[in-house]
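# Breakdown of the fold
Each chain, letter by letter, is given below.
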Amino acid sequence: MIRIIFTLILLVPWVALQAADSFAKPNVLIIYTDDHGWADLGTQGVNREIQTPHLDQLTRDGVRFTRGYVSAPQCVPSRAGLITGRYQQRFGVEDNNKGPLPLEELTIAERLKPAGYVSGWVGKCHLDIGSEKGQNKESRLLREHMPHHQGFDEYFRGELRQYYASHALDGTPFDDAPHLVNDHRFRVVVQTEAALSFLDRRATKPEQPWMLYLAWYAPHVPLESPEPWFSQTPTHLPKERRQALAMIAAMDDGLGRIRAKLKTMGQEQNTLIFFVGDNGAPLKAGAWNGSFNAPLVGEKGMLTDGGVRVPFIAAWPGTIPAGTVFDQPVVNLDVAATANAIAGLPTDSSLDGVNLLPYLTGQDNTAPHDAIFWRWRSQAAVLEFPWKLIVLGNHEKFLFNVTQPDGELAIHSRLAEHPQIVARLQAKLDTWSATLQPPGPPEADNGQDNRFFATHVHRKAEPLTTQPRNGNTQTAAENELVNIDGWIARNGAIVAQDGMLTLSVDANAPKNARPFIANSNLNLAGPVTATLRIRARTEGQGPAKLTWRTKQDSFAEHQSSTFNWPTGAEWHEVQIELSEASRIIHIRIHPPQAATGIEIDSIEFKGRDSVTLFDFNSVPK
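Residues numbered from 1 in each chain as written. Predicted model: local features only at pLDDT ≥ 70, side-chain atom pairs only at ≥ 80, totals over all residues. Heavy atoms only, no water.

### Brief notes about the environment of Gly-301
In plain terms, the rule: Only DSSP runs of H or I reaching four residues or more are called helices, and only runs of E reaching two or more are called strands; each is numbered from the N terminus. For every residue, the accessible area obtained with a 1.4 Å probe (protein chains only) is divided by the maximum for its type, and the residue is called buried under 20%, exposed over 50%, and partly exposed between those limits. Here, two residues are considered to be in contact whenever any of their heavy atoms come within 4.5 Å of each other.
Take Gly-301: it is sitting in the loop between strand 9 (271-277) and helix 7 (305-308). Here Gly-301 falls in the buried class, since its relative accessible area comes to 5%. As a C-alpha pair, Gly-301 and Gln-74 span 227 residues in sequence and 6.1 Å in three-dimensional space. In this structure Gly-301 touches Pro-73, Trp-376, Gln-379, Asp-449 and Phe-452, once residues within four positions along its chain are discounted.

### A short note on the sheet that holds strand 15 (residues 387-392)
Short version of the rule: At least two DSSP bridges between two strands are needed for those strands to be called paired. Only C-alpha atoms enter the line fits that serve as axes; for helices the fit covers just the stretch in contact. Angles between N-to-C directions range over 0 to 180 degrees.
With respect to topology, four strands assemble into an open sheet ordered 13-14-15-16, the strand pairing being antiparallel. Each edge of the open sheet is held by one strand with a lone partner, namely strand 13 (372-376) and strand 16 (396-401). In this sheet, adjacent strand axes meet at a mean angle of 10 degrees when their direction is disregarded.

### Description of the pattern of salt bridges
Pairs can form between side chains of opposite charge once their charged atoms are near each other. Applicable threshold: Think of a salt bridge as a Lys or Arg side-chain nitrogen and an Asp or Glu carboxyl oxygen that are within 4 Å of each other.
According to the stated counting rule, one finds 33 salt bridges in the structure shown. Note that Asp-601 and Arg-48 form a salt bridge whose closest N and O atoms lie 3.5 Å from each other. Placement of the pair is Asp-601 in strand 27 (residues 598-606) and Arg-48 in the loop between strand 1 (27-33) and helix 2 (53-61), with a sequence separation of 553 residues. For Glu-384, the salt bridge goes to Lys-428, with nearest N and O atoms at 2.7 Å. Here Lys-428 lies in helix 10 (residues 419-433) and Glu-384 lies in strand 14 (residues 379-384), a separation of 44 residues in the sequence. We classify Lys-428 as partly exposed; its relative accessible area is 21%. Bridged by salt links that share partners, the residues Asp-34, Arg-79, Lys-124 and Asp-278 form one connected network.

### Points about empty space enclosed by the protein
Selection rule: Of the grid points, spaced at 1 Å and generated over the protein atoms alone, those admitting a 1.4 Å probe that cannot get out make up cavities, while open sets with protein on both sides within 12 Å along at least five of seven lines make up pockets; any residue with an atom within 4 Å of a point is treated as lining. Grid points are joined across faces, edges and corners, and a volume is the space filled by probe spheres set on the points. When residue character is reported, Ala, Val, Leu, Ile, Met, Phe, Trp, Tyr, Cys and Pro are called nonpolar, Asp, Glu, Lys and Arg charged, and the others, Gly included, polar.
Taken as a whole, this structure holds two cavities of 30 Å³ or more when the rule is applied. Reported here for the largest cavity is a volume of approximately 80 Å³. Val-122, Tyr-155, Phe-156, Ala-194 and Arg-201 are the residues nearest the centre of the largest cavity, which is lined by 13 residues in total. Per-element tally for the lining of the largest cavity: the top contributor is helix 5 (residues 187-203), with four residues. Residue composition of the lining of the largest cavity, by class: eight nonpolar, three polar and two charged. Its volume calculated, the second largest cavity comes out at about 50 Å³. Forming the boundary of the second largest cavity are Ile-83, Leu-101, Thr-107, Trp-121, Cys-125, Leu-127, His-145, Met-146, Pro-147, Gln-150 and Phe-152. In terms of residue class, the lining of the second largest cavity is made up of eight nonpolar, three polar and no charged.

### With respect to the packing of aromatic side chains
Filter applied, for reference: In summary, the pairing rule links any two rings of Phe, Tyr or Trp, Trp by its six-membered ring, whose centres are within 6.5 Å, and it sorts them by plane angle into stacked for under 30 degrees, edge-to-face for over 60 and tilted for everything else. We call a charge positioned above a ring when the Lys NZ or Arg CZ atom is no farther than 6 Å from the ring centre and deviates by at most 35 degrees from the ring normal.
Taken as a whole and judged by the stated rule, the model has 19 aromatic pairs. Judged by centre distance (5.4 Å) and plane angle (20 degrees), the ring pair of Phe-398 and Phe-453 falls under stacked. Remark: Phe-453 occurs in helix 11 (residues 447-461) and Phe-398 occurs in strand 16; sequence separation between them is 55 residues. The exposure class assigned to Phe-398 is buried, which follows from its relative accessible area of 6%. Above the ring of Trp-374, the side-chain terminus of Lys-388 is found at 4.9 Å from the ring centroid.

### Some thoughts on the sheet that holds strand 10 (residues 312-315)
On the basis of which strands lie adjacent, the open sheet formed by 10 strands has the order 7-6-5-4-8-1-9-10-2-11 and mixed pairing. Two strands in the sheet have a free side with no partner beyond their single neighbour: strand 7 (179-182) and strand 11 (324-326). Across this sheet, the average inter-strand angle for adjacent strands is 15 degrees, counted without regard to direction. Bridging between strand 4 (residues 118-123) and strand 8 (residues 210-215) involves six bridges; their strand directions are parallel. Within strand 8, the residue paired with Gly-123 across the bridge is Ala-215. The strands touched by helix 3 (residues 75-84) within the sheet are strand 1, strand 4 and strand 8, with strand 1 carrying the most contacts at an inclination of about 170 degrees.

### Describing the nonpolar core
Going by this rule: Residues belong to one nonpolar core when they are buried, are Ala, Val, Leu, Ile, Met, Phe, Trp, Tyr or Cys, and are joined through side-chain atoms within 4.5 Å.
Counting residues in hydrophobic clusters, the biggest one holds 83 residues, and the most contacted among them are Phe-65, Met-211 and Tyr-213. By residue number, the principal contributor to this core is helix 8 (residues 333-342), which donates six residues. Among residues more than four places away in sequence, those in contact with Phe-65 are Phe-312, Ile-313, Ala-314, Phe-326, Val-330, Leu-356 and Leu-360. In terms of nonpolar packing, the next biggest core, distinct from the first, is built from 44 residues, Leu-58, Trp-210, Met-247 and Ala-250 among them.

### Describing the packing of helix 3 against helix 8
Operational definition: Roughly parallel means an angle under 35 degrees; roughly antiparallel, over 145; roughly perpendicular, 65 to 115; everything else is oblique. Note on convention: the crossing is left-handed when the near helix lies turned anticlockwise from the far helix by less than a right angle, right-handed when the turn is clockwise.
Two elements in contact, helix 3 and helix 8, have axes whose closest approach is 6 Å; the angle formed by their N-to-C orientations is 15 degrees. By the angle between their directions, the pair helix 3 and helix 8 is classed as roughly parallel. The chirality of how helix 3 crosses helix 8 is right-handed. Residues Gly-81, Leu-82 and Thr-84 of helix 3 pack against Leu-333, Val-335 and Ala-336 of helix 8. The class makeup of the residues in the contact of helix 3 with helix 8 is four nonpolar, two polar and no charged.

Interpretation in functional terms is not warranted from these geometric data alone.
Below, the structure written as structure tokens:
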């Protein structure tokens, strides 16, 4: 259902405003973040750790799309779809190994040029990278596909420390452009300054409309600890999480500086701003960038919502009603179509996106899309709200209702319950797939995709009475209990509330039975360091302890570590060393006997090859 909050003013279409005013055509600012999880936007209301005041203000000044999607779960195809407004599978850029962006494809910049726009590019590109394997990105860089060959008049193209630029940050044009600029400062700061430099040059010609594509390279790895933002993050969190929060905060401050600049230029109400993530956050061991997708299921590289549903905001003060919340699905392809429309250009049937303005101003109360499609590697999907069909290779299908409260997935796929819906969506997907390059279904099989679904979908689908993840077995008494992010309680009950896990005593438990929590879905390469952020209202008798088992030994005498459980109102961080050479598959945490008011904010296990974090701030209520 579309929920639009209208301001108590009469909305006048922007075209009518332009007819009465000779001011320039609207400017377009497109901000695209990198591996930025859906949860990490303050106004999503998922995680209280995230602090994004300027982004939150942007949503208050415009619209937050609760179901904003991108056309791929990976950066190169997602960016190709955004910059062209077309399904990138139509021209063969289906994954990161299928670049570069073909020169014959029209970009937003090329479309807007006949309308008199000057276009700028700042930050990450990757659409000018060749597909040769076994070479680093710099050696695969194709200069003939750089932004200035794709319609962009000015550019500061680069991700980390090196940039190819048309202008210096002080605005001086380079005679030898594209000129290589080395800048070793934190990348978000450099890219923000490049965006501000572009706006400085626009201020000298206020009558000329402009479009700026700002592709911040954050919070993508390599992670950094930029100041002053890193010092402002909660110290109890894992370093990766703190770094992600710091990098997102840097982008947020950058947005604040850019919006302040637009106000100084007198262009605040003449600029349409889009803020969109390029795909979901990666969560697998060794790739996690500190960002979260909760409560969505899946991660970067998957066509479940965790991989393709992202932060998605638009603002155009005076045109888009402030405080709008839009619940129908939209997609990154809509950005180009919307820019094309507000520039006064004729509708182009080759664009797969739609102009969103009529839906946001109340002129059209229908849904923007009949269906949204994906094909990536061995996965294909179609979303006909609220139903989403996902095809995995030639061996599995899943049907989900994306309105389920735990994110995209219900506890099980609805495939068998709705054969008619499955048949209809499959027919739509087949018809769309036939128009692609190459036509047809996705790859027959892909090992990484299978592992993704084994991790995020099959495990979610298993009732607690079946074999849990990693092939571990649970004791019979630990089945049929409330499960919160893999944790269950014995001799007590657990509840996720107010951003923490609370453990209470079961009044029906045997006398002197100690309540504890357990997780049998682990795969930790020992030795392991456990970090608990905990507290208790009252002291108990004796020490707390953490016990574990492996496939070789089950809670043996040596598989136990004792520690003190702190009491009082303050949170305390406790580290426990688990001296274990094998892989730990099951852990129990025992508070002191008779202690009450047991509360846990987070649990982290740092093993030999990975970090596993349970952050109960992020558990959906």
